[in-house]
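Observations on the three-dimensional arrangement
Given next are the chains, with one letter for each unit.
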Amino acid sequence: MILIIRPDRTDIEFDKLICELESMKMKTHVSVGENTTIVGLVGDTSLLDINEMKANPLVLDVKRVSEPYKRANRKFNSADTVIDINGVPIGGGYFTVIAGPCSVESQQQLNLIACNIKKSGASVLRGGAFKPRTSPYAFQGLEAEGIKILENAKSREDIPIITEIMDISDLRYFENVDIIQVGARNMQNFRLLKMLGRQKKPVLLKRGMSSTIEELLMSAEYIMSEGNNDVILCERGIRTFETSTRNTLDISAVPVLKKLTHLPVIVDPSHACGNACFVPALSKAAIAAGADGIMVEVHNNPAKALSDGAQSITLEEFDCLMNNIRKYAELENKKL
Ligand code: PEP
Ligand code: MN
C-alpha cells in the first residue's frame, strides 16, 4: 500500500504517523521528493482499512498495490482448491454439473428429476427450499419440508445435494445438506457469511447482481477468515443495460477469477439468461472460459414450474446438453 503525504505537514506530525503505522506491524519505506512524500507500507496490508488511511489529515491519497483478500488469493496459494463433496470433486481438473429445479415442489417431482439428471450424468442435485423471491406473494418455497424432500432424493439416488440458506437460524435444517448455497441477494450479508465460515460444510457463493469481482472475493474472504476454506464461487449474471436476457452472463469473470483465486468457479447459465433456449450455448461458453462446472435449472414440466419455469430446461434437453458438453469438456482437458 502506498500513502501520498501532504506537502505542508510538519516533521513532528509525520514522525507520529510513521510510529502509528509501525505500531500496526507495518514496515515503512519513506521517499521524500521535492513536492511529495511517499510512504510504502510492507506487511499484511489486507488488515488495513483503506478508508481509515484516507481519513488521516496528513494523507492526500492511498493506493493499494496488493489485493485486500489474502486467503482467497492465488498469490498465496497457487494450486487449485479441489473440494470433495462426498466423493464428488469440484475444482482442479474436473467439470462438475449441478442440476435440478429452481424450487423443490414435491417428493414425486424431485425423485423424478433426481433420477433423470443422475442418469444423464449430473453429479450434484440442486433444489431451492428457502426461496428469495422478488414478490412476497410469489411461492416462497417448502422451507424445512423442502429440505426433507431433498434428503430423501439424496438417499434414493445416492447424489449430494445443494440448497440455499437465507437466514442463519435455519442452519439446523441443513445437517444432511452437502453444499450450502448463498444466493446473489445475500452475497454481502456479512453476518451470514461469518456464521457459515464457522461451520464445516462447503459454501457455494453466488455473485451479487451488481457486485464487482473484488467484492465477490471479499465475501469469500469473510467465510474463509472464519476458518472455512471450502468456498465455491458462482457467476450467475449481472445487471446491465441489456434487456433481451434476464441478466448478462459476465463470461470474462471466469478467467479473471481463475487468475485471481485458487477457489473453484462455476457458472449458472440459467439465472444469467433467464431463457431455457440460451442455456446450452452459455454452458459451452462456461467450459471454454475455464469454469469448473455449471449449475443448471432443470424441470420435468417447465410450463408448470412454481418458479423460474422460463429458464428451466426439460429432462430431455438436459440429457442432450450433457451429451453435447462432454466433447467440450474433453477439449479443455476437464473430467466430466
Ligand atoms: C437460485 O439459484 O435459485 C437463485 C435464487 O439464484 P440467484 O441467487 O443467483 O438469483
Ligand atoms: Mn431459480
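Keep in mind that what you see is a predicted model, and the values were worked out from it rather than measured. (Residues numbered from 1 in each chain as written. Chains lettered and ligands numbered in written order. Predicted model: local features only at pLDDT ≥ 70, side-chain atom pairs only at ≥ 80, totals over all residues. Heavy atoms only, no water.)

Examining the nonpolar core
Note the following rule: In this text, buried Ala, Val, Leu, Ile, Met, Phe, Trp, Tyr and Cys residues form a nonpolar core when linked through side-chain atoms within 4.5 Å. The rule is simple: take the accessible area with a 1.4 Å probe, protein chains only, and divide by the maximum for that residue type; under 20% is buried, over 50% is exposed, in between is partly exposed. We count a stretch as a helix when DSSP gives it H or I for four or more residues in a row; a strand needs E for two or more, and each element gets its number in order from the N terminus. In what follows, a contact means two residues having at least one pair of non-hydrogen atoms within 4.5 Å.
Of all hydrophobic cores here, the largest spans 63 residues; its most connected members are Ile-117, Leu-125, Leu-205, Leu-233 and Phe-318. Looking at this core, the element that brings in the most residues is helix 6 (residues 213-225), giving 6 residues. Residue contacts for Leu-205: discarding those within four places in its chain leaves Val-182, Met-187, Leu-193, Leu-216, Ser-219, Ala-220, Ile-223, Val-231, Ile-232, Leu-233 and Cys-234. Core analysis: the second largest hydrophobic core is formed by 15 residues, Leu-17, Leu-21, Val-39 and Val-59 among them.

Some words on the packing of aromatic side chains
Note the threshold: Here is the rule: rings of Phe, Tyr and Trp (six-membered ring for Trp) pair when centre to centre is within 6.5 Å. Planes less than 30 degrees apart are stacked, more than 60 are edge-to-face, and the remainder are tilted.
Here the structure, examined in full by the defined rule, presents 3 aromatic pairs. Plain terms: the ring middles of Phe-130 and Phe-174 are 6.2 Å apart, the flat faces sit at 20° to each other, and that makes the pair stacked. Taken together, the residues span a long stretch of sequence, with Phe-130 in the loop between strand 8 (124-126) and helix 4 (144-157) and Phe-174 in the loop between strand 9 (161-164) and strand 10 (179-182) at a distance of 44 residues. In terms of burial, Phe-130 and Phe-174 fall into one category: buried. A ring pair is formed by Phe-190 and Tyr-222, whose centres lie 4.5 Å apart and whose planes are at 25°; its orientation type is stacked. Linking Phe-190 in helix 5 (residues 190-197) with Tyr-222 in helix 6, this pair joins segments that are 32 residues apart in sequence. For Tyr-222, a relative accessible area of 29% puts it in the partly exposed group.

Quick notes on the domain arrangement of the protein
Selection criterion: Throughout, the edges of the domains are those of an automatic or database domain assignment.
The assigned domain composition of the protein is domain 1 (2-63) and domain 2 (83-331). On a C-alpha basis, the centres of domain 1 and domain 2 stand 43 Å from each other.

Here we look at the sheet that holds strand 9
Stated formally: In this description, strands pair whenever DSSP reports at least two bridges between them. For every element, the axis is a line fit to its C-alpha atoms; helices are fit only across the contacting stretch, and the angle between N-to-C directions ranges from 0 to 180 degrees.
The parallel closed barrel is built from 8 strands, whose spatial order is 7-8-9-10-11-12-13-14. Within the sheet, the average angular offset between the axes of one strand and its neighbour, ignoring direction, is 25°. Summarising the sheet, strand 8 and strand 9 pair through 2 bridges and their orientation is parallel. Paired with Arg-126 across the strands is Ile-162, a residue of strand 9. Across the sheet, helix 4 is in contact with strand 8 and strand 9; its angle to strand 9 comes to roughly 170°.

With respect to the environment of Ile-168
Looking at the element boundaries, Ile-168 is found in the loop between strand 9 and strand 10. Assessed through its relative accessible area of 27%, Ile-168 is described here as partly exposed. Placed 27 residues apart in sequence, Ile-168 and Met-195 show a C-alpha to C-alpha distance of 7.1 Å. If sequence neighbours within four positions are ignored, Ile-168 has contacts with Leu-192, Met-195 and Leu-196.

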